[in-house]
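Listed below, chain by chain, are the residues.
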Amino acid sequence: MKSYSLILAAAVISLSAIAQVKISDFPADTKTLAHIDMKALTSSKVGDLIKAALDEKTNRKLDSFKAISGIDVMQDLDSIFILGGAENKGGGVLYASGRFDIKKLTTILGGNDTFRSERFGTHQVLSWSDNEQVKYGCFINPTLALIADDLTALKKSISAIDGKGAQLAPASPLAPVVKSQPNRFAALYANKLDVVADAVPQLAMLKQANALELNVDQASAEQADLLLNAALSTATLEQAQQMGAMVMGLQALMMIQAQQNPEMAALAQNFKSEVKEKTITMNLKVTASQLKQQLTEAMKKADAKPPKAAVRPPMP
């Protein structure tokens, strides 16, 4: 009986080690890395607020997904990592760590008419179509799954995990993103921001930045207040001062619109920014009541049906 207990303990320790994503599991040319700590989020006060805000429709979707896939999003996912490569366009890869029934999930994907499976090293690379777009995936093991839109990017990630491709070094500035921190739900580090600026015109000023670091934390284990801390680094002091002025201008604009959008103005009041040499630091506190309000509004918008397109008269 004692020997069986030792075997079981060894198996649990082994699985835990496999589930731990390391900085070396990412390709060396990774320029952007985001981490959503699902385990920390779902077991927190903020997580409780989010669960309470979910409407019946959303809960039904989660239950349906669990019944089909066997994955309980709130229990079976530990972390989600999203990386962007050197080009950042079409080269993103999602790493999901948790617990996955590989046989069941592969069987489900096999029902897709476009499903394919090919050998890559010791792994199987899967492909299928989703809304007429080809997706690629790989189960590294029962605790780690990868999904990508680009086959080359996916294979590069697999090679890094297997130690057969160039890997991010332990001293990489992206390393702090990977390791979980107490009360931290999300982290982001990006040193290629022109793509972000192109995707969101309102953030055009990011083109002047060298790097962005962002952390989303809970103020304490007992309170559901959120703290958002960001730092933008620039090449010169002048650029930092210019961007700092832009940030303050955006904050002032949000305050002016208090009558039209009081919730946004209330958030702006809790926003702080400061220029320190070549870096702009920004801090925002979102209280539990404000977060609850934002979640409620988000659910209302999600449930709102889009307006019907106006019927145009036929051309003469």
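Residues numbered from 1 in each chain as written. Predicted model: local features only at pLDDT ≥ 70, side-chain atom pairs only at ≥ 80, totals over all residues. Heavy atoms only, no water.

Examined bridge by bridge, strand 4 (residues 116-120) and strand 5 (residues 123-130) share five bridges and lie antiparallel to one another. From the neighbouring strand, arginine 119 faces strand 5, where its bridge partner is glutamine 124. Direction of pairing for strand 5 relative to strand 6 (residues 133-141): antiparallel, over a ladder of five bridges. By the bridge assignment, tryptophan 128 is partnered in strand 6 with lysine 135. Taking the residues that link successive antiparallel strands as the turn, the strand 5-strand 6 hairpin has two residues, and the phi of asparagine 131 there is positive, at about 55°. (Pairing = 2+ DSSP bridges. Helix = DSSP H or I, 4+ residues; strand = E, 2+ residues; numbered from the N terminus.)

Turning our eyes to something else, we now look at the nonpolar core. The tendency in soluble globular proteins is for nonpolar side chains to be buried side by side. The biggest cluster of nonpolar side chains holds 27 residues, and the ones touching the most others in it are Phe26, Leu33, Tyr95 and Leu146. At the level of elements, strand 2 (77-84), strand 3 (93-98), strand 6, strand 7 (144-148), helix 7 (151-161), helix 8 (175-178) and strand 8 (184-190) are the ones that each hand at least two residues to this core. Among the elements that line this core, the one with the most residues is helix 7, at four residues. Apart from residues no more than four positions distant in its own chain, leucine 146 is found in contact with Val93, Leu94, Tyr95, Tyr136, Gly137, Cys138, Ile140, Leu154, Ser157, Ile158 and Ile161. Within the second largest apolar cluster, 26 residues are counted, among which are Leu41, Leu49, Val216 and Val286. (Core = buried A, V, L, I, M, F, W, Y, C linked by side-chain atoms within 4.5 Å. Buried < 20%, exposed > 50% of the residue type's maximum accessible area, 1.4 Å probe, protein only. Contact = heavy atoms within 4.5 Å.)

It is worth spelling out the packing of aromatic side chains at this point. All chains considered together, the criterion is met by three aromatic pairs. Residues phenylalanine 26 and tyrosine 95 carry aromatic rings whose centres are separated by 4.6 Å and whose planes lie at 40° to one another, so their mutual orientation is tilted. Taken together, the positions of phenylalanine 26 in the loop between helix 1 (2-19) and strand 1 (32-36) and tyrosine 95 in strand 3 put the pair 69 residues apart, joining distant regions of the chain. The exposure class assigned to phenylalanine 26 is buried, which follows from its relative accessible area of 0%. Aromatic ring contacts, followed pair by pair, group Phe26, Phe81 and Tyr95 into a single cluster. (Phe/Tyr/Trp six-rings, centres within 6.5 Å; stacked < 30°, edge-to-face > 60°.)

Across the eight residues of strand 2, seven count as buried, placing the element largely inside the fold. One ladder, built from five bridges, connects strand 1 with strand 2; its direction is antiparallel. Pairing of histidine 35 across the sheet is with phenylalanine 81, part of strand 2. In this structure, strand 2 lies alongside strand 3, joined through six bridges in antiparallel fashion.

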